[in-house]
Amino acid sequence: MTTPSAAALATTLRTHLAGTLRASDVGIVVVLGGWVHRSRDLGGQVFLDLRDRGGVVQCSFNPQWTAAETIAAAAAIGIESVVMIEGTVAPRPAEMLNPEMATGAIEVRATAIRVVGPAVTPALPVAPIKDGKLPAEELRLRHRILDLRRDELQRALVLRHRLMQTTRQYLSAQGYLELETPILTKPTPEGARDFLVPSRMHAGEFYALPQSPQIYKQLFMCAGFDRYFQIARCFRDEDLRADRQLEFTQIDIEASFIGREDIITLAEGLIQSLWAEAGVAVETPFPRMSYADAMERYGCDRPDLRYGLEIEDLTARFAQSESAIIQSALRAGGRVRGIRVPGGAGWSRKQVDELEAIAKGAGIGGLIRLKGTGSALEGPLAKFLSAEAQSALSLREGELLLAVAAHDRVASPALDRVRQECAARLGLADPTARRFLWVLDFPMFDQDPESGALAAVHHPFTAPNAEDRQARPDAPATWRALAYDCVLNGTELGGGSIRTSDPTVQSRMFSLLGIGDAAEQERRFGFLLEGLRAGAPPHGGIAFGFDRIAMLLAGASSLRDVIAFPKTTAARALFEGAPSAVPADDLSELHIRTVDA
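These figures come from a predicted structure and were not determined experimentally.

Draft legend 1. Representation of the side chain of Glu-356 within the structure. Looking at where Glu-356 falls in the secondary structure, it is placed in helix 11 (residues 349-361). The class of Glu-356 is buried, set by a relative accessible area of 15%.

This is the structure we're talking about:
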């Protein structure tokens, strides 16, 4: 991106950003404004490090060029106070050069200083801490303004800005129009709870904050705006974790007269541009994998390809096992699947017990453990395997086999978690590696094993694979969706699909999902069906989690480090005290009253 010139950044109050001064500026008189980052009083001589958005510069107050009263005033100023400083840029003495600072070759020899924003003693340190250990996150979120002054967060939010502008430039160059969609919307089922907003003017009626602009961007396609994008604010009332917030930002894209390959090509180009903005080269095209293959080999639909530890089907090798547990699982329609862990045979029983606890947390009864010792297998179930079956397993010396006997819907997530933990213990996930992947051919529906009810894997507006629908019209649980997810190192970056553009097919999808009769569908989705009936082109799109991309490119460990004012995991904004109680009179205007739980 283009860097603003010094002239562009100048105002009537200051001439330069402090952190942008360099040796080429030596000799010029400057007026700076910023925060006192550090202060050092050496007895008759004072050094202040002045910080602004551009960085930090040293300002020296010395009797050779500074009046005594000005030196005294500088010495009395507290940390984090906002000051204006006038002086001349000069080279630092050779013994004071600081190669770790961008401004380390120069200083500002101050002749005047004025406090314009006195500060109380800060509750948090803003200057780097010697041991690098930050205060507790809750304390930092309570004093978010101070925390946002830290260099790491400043750089992260500046990067976020650059990524936004890169997104706009790339998509605009591809002919996409940045169009806005409503924030006050109609409640729709998109997989999470809506935030509801009561209407003052229409008693008992509610708006919803959008979980995504999905329906609106499809309506844009019906209206003829054949290439749309938006850096959209979205809201979901769900539990939080490091990579989830109640309100978030996504790069939302939709286009008409396109197929899956068009969206994938566009998306890969966008990712290349975003990573390039962060100084990282990305090669395209990305490899591809079917959903079925990903689940079979890795146990999840967003596999981390930086390491192997692939899941194997071991059912045939355990088919004749005398273990009642294994035989019971096989009779119930399950399989035996597992991973081989090189060197894992040397792990202690406690270490393997910890892996089993992780697997049990995913819903299985326990792990099958077998160690390769060179001659025979060791483990609780080894005695239930014939010599032939043990030989067929071909465990190398030092290998640990961790397997699960269960139905895939239970075994896959358990093995996925075990696989990730084993890779972490062995240090297999290279933090510098970038393994992008497209996961394709998702199932159209999830089917409840007890009731048989169907639920959309993505959302109700995804188009089913036409070949599947024609070949098996009465078996929708077997249909694949025209959906695709983009994955990086085990993290989903974004996902999308080709949409259902035929109103008759869309109505059938609603019916399969149990969304009422025709009248109920019209009540809930009439505005979408009306748009499709008005003539809808074939269309599709994708949405990327912008916060997540910014987090990855900033090298942050949490979304809260790339969002200016985030919520805690308890869904609270500590710095402002939200959510908060509302006076009864205000609730009355909204036709609402609270009741005790």
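Draft legend 2. Representation of empty space enclosed by the protein in the model. Enumeration over the complete set of coordinates arrives at 2 cavities of 30 Å³ or more. What the second largest cavity holds in volume is close to 30 Å³. Class assignment for the residues of the lining of the second largest cavity results in 4 nonpolar, no polar and 3 charged.

Draft legend 3. Layout of the environment of Phe-286. As for its placement among the helices and strands, Phe-286 is situated in the loop between helix 7 (260-277) and strand 11 (288-290). When the C-alpha positions of Phe-286 and Thr-188 are compared, they lie 33 Å apart, and in sequence the two are 98 residues distant. Setting aside its immediate chain neighbours within four residues, Phe-286 contacts Glu-268, Ile-271, Phe-436, Leu-437, Trp-438 and Cys-486.

Draft legend 4. Broad picture of the packing of helix 5 (residues 151-173) against helix 7. Contact pair helix 5 / helix 7: the axes reach a minimum separation of 9 Å and the direction vectors enclose 145 degrees. The way helix 5 lies across helix 7 gives a crossing that is right-handed. Facing Arg-162, Leu-163, Thr-166, Thr-167, Tyr-170 and Leu-171 of helix 5, the residues of helix 7 in contact are Thr-265, Leu-266, Gly-269, Leu-270, Ser-273, Leu-274 and Glu-277. Class assignment for the residues of the contact of helix 5 with helix 7 results in 6 nonpolar, 5 polar and 2 charged.

Draft legend 5. The packing of aromatic side chains, seen in detail. This model, assessed by the stated rule, comprises 12 aromatic pairs. With centroids separated by 5.8 Å and ring planes inclined at 80 degrees, the aromatic side chains of Phe-220 and Phe-225 adopt a geometry described as edge-to-face. Classification of Phe-220 by relative accessible area gives buried; the value is 17%. Relative to Phe-525, the ring of Phe-510 lies with its centre 4.4 Å away and its plane at 20 degrees, an arrangement referred to as stacked. You can see Phe-510 sitting in helix 15 (residues 503-512) and its partner Phe-525 sitting in helix 16 (residues 518-533), a full 15 residues away along the chain. The class of Phe-510 is buried, set by a relative accessible area of 0%. Classification of Phe-525 by relative accessible area gives buried; the value is 0%. Among the aromatic residues, those joined into a ring-pair cluster are Phe-220, Phe-225 and Tyr-228.

Draft legend 6. Local environment of the nonpolar core. Formed by 40 residues in total, the largest nonpolar core has its most connected members in Ile-253, Trp-275, Trp-438, Leu-493 and Phe-544. For this core, the secondary-structure elements that each account for two or more residues are helix 5, strand 10 (247-256), helix 7, strand 17 (436-440), strand 20 (483-488), strand 21 (491-498), strand 22 (539-545) and helix 17 (546-554). By residue number, the principal contributor to this core is helix 7, which donates 8 residues. Leave out the neighbours within four places in its chain, and Leu-493 touches Ile-271, Trp-275, Phe-436, Cys-486, Val-487, Leu-488, Ala-543, Phe-544, Gly-545, Ile-549 and Leu-552. Counting residues in hydrophobic clusters, the runner-up holds 27 residues, among them Ile-215, Ala-294, Phe-442 and Val-505.

About the cut-offs
- Residues numbered from 1 in each chain as written.
- Predicted model: local features only at pLDDT ≥ 70, side-chain atom pairs only at ≥ 80, totals over all residues.
- Heavy atoms only, no water.
- Helix = DSSP H or I, 4+ residues; strand = E, 2+ residues; numbered from the N terminus.
- Buried < 20%, exposed > 50% of the residue type's maximum accessible area, 1.4 Å probe, protein only.
- 1 Å grid on protein atoms, 1.4 Å probe; cavity = no way out; pocket = protein on both sides within 12 Å on 5 of 7 lines; lining within 4 Å.
- Points joined across faces, edges and corners; volume = space filled by probe spheres on them.
- Nonpolar A, V, L, I, M, F, W, Y, C, P; charged D, E, K, R; others polar.
- Contact = heavy atoms within 4.5 Å.
- Axes fitted to C-alpha atoms, helices over the stretch in contact; angles between N-to-C directions.
- Left-handed = near helix turned anticlockwise from the far one by under 90°.
- Phe/Tyr/Trp six-rings, centres within 6.5 Å; stacked < 30°, edge-to-face > 60°.
- Core = buried A, V, L, I, M, F, W, Y, C linked by side-chain atoms within 4.5 Å.

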